[in-house]
Amino acid sequence: MRIAIDGPAASGKSTVARLVAEKLDFVYIDTGAMYRALALKAKKAGISFSNADEMAELMSHTYFSLSDSGIILDGSPLGDEIRTREVSLLSSDIAKYSYVRDFLTEQQRTLSKQGNVVMEGRDIGTVVIPEAELKIFLTASAGERARRRVKQLKSSGVEATYDEILAEIERRDLNDSTRSVAPLKAASDAIILDTTGMSIEEVVSRIVSLAEKRQRVHLARSVGFC
Ligand code: CDP
Ligand code: CDP
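Residues numbered from 1 in each chain as written. Chains lettered and ligands numbered in written order. Predicted model: local features only at pLDDT ≥ 70, side-chain atom pairs only at ≥ 80, totals over all residues. Heavy atoms only, no water.

The chain goes by Multifunctional fusion protein in an unreviewed UniProt entry, where it is assigned to Mesotoga prima MesG1.Ag.4.2.

Quick look at the structure:
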């Protein structure tokens, strides 16, 4: 079974997807980490994202895989350096290039074949695994998402004002939802969960119960009961 979770920044995708995967004993795959890691790798190599030839050369020696602790890039686990505010904006900039998306989509499809998976990002239900058995689109008001991100940054020792973070989130929302390739949007068959005012536990238990229901239906179909 494949569960696709999409949604805008700070809607709770990573936190919720990780917990759902733990509860169901599924593999958790964070595709945003791949955009972040590639953006940081290109930046460190001094490559402009718009230079298709240089990006192709960089991607030809870029290898993603999975371990129990998450995404591995070129044999090394990803560190906190991909989580900075600067890398958040860089990842949204790199994500608009079709050659980048084609490369990462292919890698993500390969990773999704590892068994039962919960994969989260922006285009999982629409592009990466359109045949996923369960698709969730998480959302929350921009204000609530900015409050969540400020609190999250504070707990990791980074001070940022609500206004700064709200502006960054709105910039990324706009970039992600207006790009021409694979824009952020809910799949037509996704279940939309507005999580404004919902606790993490409430969101997780809602998705787990939807997944269990889908599993029962699939099981019944496979043995010919419906
Ligand atoms: O992955 P994404 O950017 O969508 O969000 P996240 O990093 O999972 O969540 C951003 C912050 O919001 C985290 O600190 C979560 O603990 C928090 N959160 C929350 O307070 N309530 C929710 N329903 C979901 C997430
Ligand atoms: O956790 P947060 O929602 O802040 O971001 P993320 O999921 O780590 O993704 C970082 C950036 O990568 C997003 O702003 C998107 O531009 C891009 N991304 C994408 O285009 N498609 C995906 N499947 C995942 C991420």
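The rest of the description comes next.
Student: What exactly am I supposed to notice about the sheet that holds strand 3 (residues 64-67) here?
Tutor: Strands belonging to one sheet form pairs held by backbone hydrogen bonds; the direction of such a pair is parallel or antiparallel. Strand order in the open sheet formed by three strands is 3-4-5, with antiparallel pairing between adjacent strands. Edge strands, defined here as strands with exactly one partner in the open sheet, are strand 3 and strand 5 (76-77). In this structure, strand 3 lies alongside strand 4 (residues 70-73), joined through four bridges in antiparallel fashion. Within the sheet, the bridge partner assigned to F64 lies in strand 4 and is L73. Of the strands in this sheet, strand 3 and strand 4 are in contact with helix 2 (residues 31-44), which crosses strand 4 at around 25°. (Pairing = 2+ DSSP bridges. Helix = DSSP H or I, 4+ residues; strand = E, 2+ residues; numbered from the N terminus. Contact = heavy atoms within 4.5 Å. Axes fitted to C-alpha atoms, helices over the stretch in contact; angles between N-to-C directions.)

Student: Looking at this model, I keep getting lost on the environment of Y162. Mind explaining?
Tutor: Residue placement: Y162 occurs in helix 8 (residues 162-178). Residue classification places Y162 among the partly exposed residues on the basis of a relative accessible area of 31%. Dropping the residues within four chain positions of it, Y162 is found in contact with G143, A146, R147 and V150. (Buried < 20%, exposed > 50% of the residue type's maximum accessible area, 1.4 Å probe, protein only.)

Student: Before we go on, may I ask you to explain the site of ligand 2 in this structure?
Tutor: In the region of ligand 2, 19 residues are neighbours, and K13, R36, R101, R172 and D176 sit closest. Residue R36 places a side-chain N or O atom 2.6 Å away from an oxygen atom belonging to ligand 2. Note that an oxygen atom of ligand 2 is positioned 2.8 Å from one of the side-chain N or O atoms of R149. In the complex, 98% of the free accessible area of ligand 2, which totals 530 Å², lies under the protein chains. (Near = heavy atom within 4 Å. Polar contact = N/O pair within 3.5 Å; in protein donor to acceptor, adjacent residues only side chain to side chain. Areas by Shrake-Rupley, 256 points an atom, 1.4 Å probe, with all protein chains shown as cover.)

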